[in-house]
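Breakdown of the fold
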Amino acid sequence: MNDQQLLRYSRHILLEEIGIEGQQRLLDARALVIGLGGLGSPAALYLAASGVGHLTLCDDDTVDFSNLQRQIIHRTSSVGQTKVASAQAAPHDINPEVECVGLPIRADEGQLNELIAQADVVLDCSDNFATRYAINRTCLRRRKPLVSGAAVQFHGQIAVYDFRRSGSPCYNCLFPEDLQAAEQADGICHG
Ligand SMILES: [Zn+2]
């Protein structure tokens, strides 16, 4: 780590739980952020600020004026642009060391499989259940840690499923896609 990095990340390095070794792991890490709305916006900014070195941002939506009050990575001048185009410069502006790739797509399961294979951690900041279940299945199959967030009105939920551990529960254990099948199952995660 060079002098600039030691200075930029000094507050992390002082933390016993991170230190230089932990910061280097962050710099080397690849995070996949799916969804650039109210959750993905702050998540991407914080990941960049903290020095997570490689970000892939994925969203097929465009910036809407009425969403700017919470989707803080986007700007008024970006209304109508794709969210990916709008968001892509911000991580680099905060931290020029961060490499940021934007994908203006709604990733299908095949694309998710490829993207998740390349990631060290996946952030599900999406806004629909089809995507949530597909991300969960793929992270489980690929044994990649999944950070799953959701927020509605004044309520928020966050969960981390660490599929590197065998026997970890998954999103589908918590919110079964097929409730009837889940009730008939033995309660043990299919992962
Ligand atoms: Zn499960």
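To be clear, the structure that these remarks concern was listed above.
This text gives an overview of the structure that appears in the document. Residue positions are given per chain, counting from 1 as you read along its sequence in written order. Only residues with pLDDT of 70 or above have their local features reported here, since the model is predicted, and side-chain atom pairs are shown and tallied only from 80 upward, although totals for entire chains, interfaces and linings are computed over all residues. The basis for every side-chain value is the complete set of heavy atoms in the structure, and neither hydrogens nor water enter the calculation.

Looking now at the environment of Ser50. Structurally, Ser50 can be placed in helix α4 (residues 40–50). We call two residues contacting when some pair of their heavy atoms lies within 4.5 Å. Every residue in contact with Ser50, bar those within four places of it in the chain, is listed here: Tyr9, His12, Gln23 and Leu26. The helix count covers DSSP runs of H or I at least four residues long, the strand count covers runs of E at least two residues long, and both are numbered beginning at the N terminus.

Let's shift gears to the pairing of strand β3 (residues 99–103). Both faces of the sheet carry side chains from a regular strand, because those side chains alternate between them. Each residue's exposure class comes from its accessible area (1.4 Å probe, protein chains only) as a fraction of the maximum for that residue type: buried when under 20%, exposed when over 50%, partly exposed otherwise. Where burial is concerned, the two faces of β3 differ: the one with Cys100 and Gly102 is buried and the one with Glu99, Val101 and Leu103 is not. In this scheme, strands are said to pair when DSSP sees at least two bridges between them. Bridge count for strand β2 (residues 54–58) against β3 is five bridges, and the pairing is parallel. Bridge pairing links His54 to Glu99 in β3.

Bringing the layout of surface pockets into the picture now. Vacant regions in the atomic arrangement are exposed by a probe of water-molecule size rolled over the atoms. The way it works is a 1 Å grid over only the protein atoms, where trapped points that fit a 1.4 Å probe form a cavity and open points with protein on both sides within 12 Å along at least five of seven lines form a pocket, and then any residue with an atom within 4 Å of a point lines it. Grid points are joined across faces, edges and corners, and a volume is the space filled by probe spheres set on the points. Within this model, the largest pocket holds a volume of roughly 840 Å³. Leu39, Cys125, Ser126, Asp127 and Arg132 are the residues nearest the centre of the largest pocket, which is lined by 39 residues in total. Counting residues per element, the ones that place at least two in the lining of the largest pocket are α8 (129–142), β5 (146–152), β6 (155–161) and α9 (171–174). Broken down by element, the lining of the largest pocket gets its largest block of residues, six residues, from β6. Each residue is assigned to one class: nonpolar for Ala, Val, Leu, Ile, Met, Phe, Trp, Tyr, Cys and Pro, charged for Asp, Glu, Lys and Arg, and polar for all the others, Gly among them. Each residue belonging to the lining of the largest pocket can be placed in one class, and the counts come to 18 nonpolar, 13 polar and eight charged. Looking at the second largest pocket, its volume works out to about 490 Å³. If you go around the second largest pocket, you meet 17 residues; those closest to its centre are Arg25, Leu26, Ala29, Val121 and Arg164. Those elements that place two or more of their residues in the lining of the second largest pocket are α3 (19–28) and α4.

To continue, consider the pattern of salt bridges. By convention in these notes, a salt bridge is any Lys or Arg side-chain nitrogen within 4 Å of a carboxyl oxygen on Asp or Glu. For the structure on display, the rule yields six salt bridges. For Glu109, the salt bridge is made with Arg137, and the minimal N-O distance between the two is 2.9 Å. With Glu109 in helix α7 (residues 109–117) and Arg137 in helix α8, this pair connects stretches of sequence that are 28 residues apart. For Arg137, a relative accessible area of 34% corresponds to the partly exposed category. The residue Arg164 makes a salt bridge to Asp162 at a minimum N-O spacing of 2.8 Å.

Turning next to α3. All of the buried residues along α3 are Gly19, Gly22, Gln23 and Leu27. Projected down its long axis, α3 carries its buried residues within an arc of 145°, all on one side. Every exposed residue of α3 that faces more than 90 degrees away from the buried side is listed here: Glu21 and Arg25. Those residues of α3 hidden inside the fold are in contact with α1 (3–8), α2 (10–13), α4 and β2. Directions from the helix axis toward the C-beta atoms define the arc.

What the six strands build is an open sheet, ordered β3-β2-β1-β4-β5-β6; its pairing is mixed. Where the open sheet ends on each side, the last strands, each with one partner, are β3 and β6. Direction aside, the axes of adjacent strands within the sheet are offset by 15° on average. Pairing geometry for strand β1 (residues 30–34) and β2, over five bridges, is parallel. From the neighbouring strand, Ile34 faces β2, where its bridge partner is Cys58. Where helices are involved, their axes are fitted lines through C-alpha atoms of the stretch in contact, as for all axes, and angles between N-to-C directions lie from 0 to 180°. Sheet strands in contact with α7 are β1, β2, β3 and β4 (121–124), and its direction is about 150° off that of β1.

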